[in-house]
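Notes for the structure review
Okay, here's what each chain looks like letter by letter:
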Amino acid sequence: MLNENRDAIPGDAAPAAESSEAAAKEILETLLRQMGIPATVQVLPGNAANSDSAFGLNILGNDLGILIGRRGEALRDLEFVTRLVVAHRIGKPEKFVVDIGSYRARRETVLRELAKRMAERVESSKRPITLEAMPPFERRIVHLTLGEHPAVTTQSIGEGEHRRVMIIPK
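These numbers were taken from a predicted model, which means no experiment stands behind them. In this convention, every chain numbers its residues from 1, walking through the sequence in written order. Residue-level local features of this predicted model are given only where pLDDT is at least 70; pairs of side-chain atoms are given and counted only at 80 or more, and the full residue set underlies all totals for whole chains, interfaces and linings. Each side-chain value is derived from all of the structure's non-hydrogen atoms; neither hydrogens nor water enter the calculation.

**Structural notes on the sheet that holds strand β5 (residues 152-157)**
The three strands are arranged β4-β6-β5 in an open sheet whose pairing can be described as antiparallel. Of all the strands in the sheet, just β4 (129-130) and β5 have a single pairing partner and so form its edges. Of the strand pairs in this sheet, β4 and strand β6 (residues 164-169) are connected by two bridges, and their pairing is antiparallel. Directly across from Ile129, in β6, lies its bridge partner Ile167. Strand pairing is assigned whenever DSSP identifies at least 2 bridges connecting the two strands. By the criteria applied, helices consist of DSSP H or I runs no shorter than four residues and strands consist of E runs no shorter than two, each listed in order from the N terminus.

So, in structure tokens, the structure goes:
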């Protein structure tokens, strides 16, 4: 049970024995509660969440689109804040992923399919195609999906929020 002080400030110091998973879950649940969003947080092992992460947190509930935001921006920001508070609490940075109703897994599937379709189009037309602007983790999915493609290559172009993936014939 959270005490009043910890409920008000999710990053307060915790006992040394507290695991990073437990701290992250508690912090995220507190943030959601303070935002007035009824949801539950599920801890996922690293391989289920993302191969680069120690573990994952999946938020489950109804009408959570506001937490995802446009192109996943709100989700990215929620993950960033949660990581900052967890690092403050446990005294070291921890790599984990925050997801909402498996949004990231669904988005990854959509991006992989898009990358393959666009690669086929580039291969047949012999003309490059530039995809819409994407955050870094989405561009990475496209680059990895087409990394071994025999007929096309990829490169990122642009700056900041306007950075895009260009698919180019080899």
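**With respect to the nonpolar core**
For soluble globular proteins, the rule of thumb is that nonpolar side chains tend to be buried together. Residues Leu28, Leu57, Ile59, Leu67, Phe96, Val98 and Ile100 are the most contacted members of the largest nonpolar core, which totals 21 residues. The leading source of residues in this core is helix α2 (residues 20-34), at five residues. What Ile100 contacts, discounting residues up to four positions off in sequence, is Asn58, Ile59, Leu64, Leu67, Ile68 and Leu75. As used in this record, nonpolar core signifies buried Ala, Val, Leu, Ile, Met, Phe, Trp, Tyr and Cys residues forming a set joined through side-chain atoms within 4.5 Å. Think of it in three bands: residues with accessible area under 20% of the maximum for their type are buried, residues over 50% are exposed, and the middle band is partly exposed, with areas taken using a 1.4 Å probe on protein chains only. In this analysis, two residues are considered to be in contact whenever any of their non-hydrogen atoms come within 4.5 Å of each other.

**Comments concerning unusual backbone geometry**
Of note, Asp63 is a non-glycine position whose phi angle comes to about 50°, a positive value. Checked against the element boundaries, Asp63 lands in the loop between β2 (55-60) and α4 (65-68). Residue class for Asp63 comes out exposed when judged on its relative accessible area of 75%. Positive phi values are uncommon outside glycine, yet Lys126 reaches one of about 60°. Relative to the assigned elements, Lys126 resides in the loop between α6 (103-125) and β4. Under the relative-accessibility criterion, Lys126 is labelled exposed at 58%.

**Focus on the packing of α6 against helix α7 (residues 136-146)**
Two elements in contact, α6 and α7, have axes whose closest approach is 9 Å; the angle formed by their N-to-C orientations is 50°. It follows that α6 is oblique to α7 by the angle criterion. As α6 packs across α7, the resulting crossing turns out to be right-handed. Touching Tyr103, Arg107, Glu108, Leu111, Arg112, Ala115, Lys116 and Ala119 of α6 are Glu138, Ile141, Val142, Thr145 and Leu146, all from α7. Throughout this entry, Asp, Glu, Lys and Arg are counted as charged residues, while Ala, Val, Leu, Ile, Met, Phe, Trp, Tyr, Cys and Pro are counted as nonpolar. The remaining residues, Gly among them, count as polar. Of the residues belonging to the contact of α6 with α7, the class tally is seven nonpolar, one polar and five charged. A fitted line through C-alpha atoms represents every axis, and for helices the fit uses only the stretch in contact; the resulting angles, taken between N-to-C directions, go from 0 to 180 degrees. Any angle that falls under 35 degrees is termed roughly parallel, while one over 145 is termed roughly antiparallel, one within 65 to 115 roughly perpendicular, and all others oblique. By the definition used in this description, the sense in which the near helix is turned from the far one sets the handedness, with an anticlockwise turn below a right angle giving left-handed and a clockwise turn giving right-handed.

**Section: the packing of aromatic side chains**
Describing an aromatic ring pair means giving the distance of the ring centres and the angle of the ring planes. Each Phe, Tyr or Trp ring, with Trp reduced to its six-membered ring, pairs with another whose centre is within 6.5 Å; inter-plane angles below 30 degrees give stacked pairs, above 60 give edge-to-face pairs, and intermediate values give tilted ones. Per the stated rule, a full pass over the model turns up one aromatic pair. The criterion is that NZ of a Lys, or CZ of an Arg, lies within 6 Å of the ring centre and within 35 degrees of the ring normal, and then a charge sits over that ring. Just above the ring of Phe96 sits the side chain of Arg83; from NZ or CZ to the centre is 5.8 Å. Between Arg104 and the ring centre of Phe137, over which it is positioned, the NZ or CZ distance is 4.9 Å.

**Here we look at the sheet that holds strand β1 (residues 40-45)**
Neighbouring strands of a sheet are bound in pairs by backbone hydrogen bonds; such pairs are parallel or else antiparallel. The strand order β1-β2-β3 describes an open sheet built from three strands, whose pairing is mixed. With partners counted over all chains shown, the strands left at the sheet margins are β1 and β3 (96-100), one partner each. Pairwise comparison of adjacent strand axes, ignoring direction, gives a mean angle of 25° for this sheet. Taken together, the five bridges between β2 and β3 define a ladder with parallel strand orientation. Along β3, the bridge assignment pairs Gly56 with Val97. Strands in contact with helix α5 (residues 73-90) are β2 and β3; relative to β3, the strand with the most contacts, it is inclined by about 140°.

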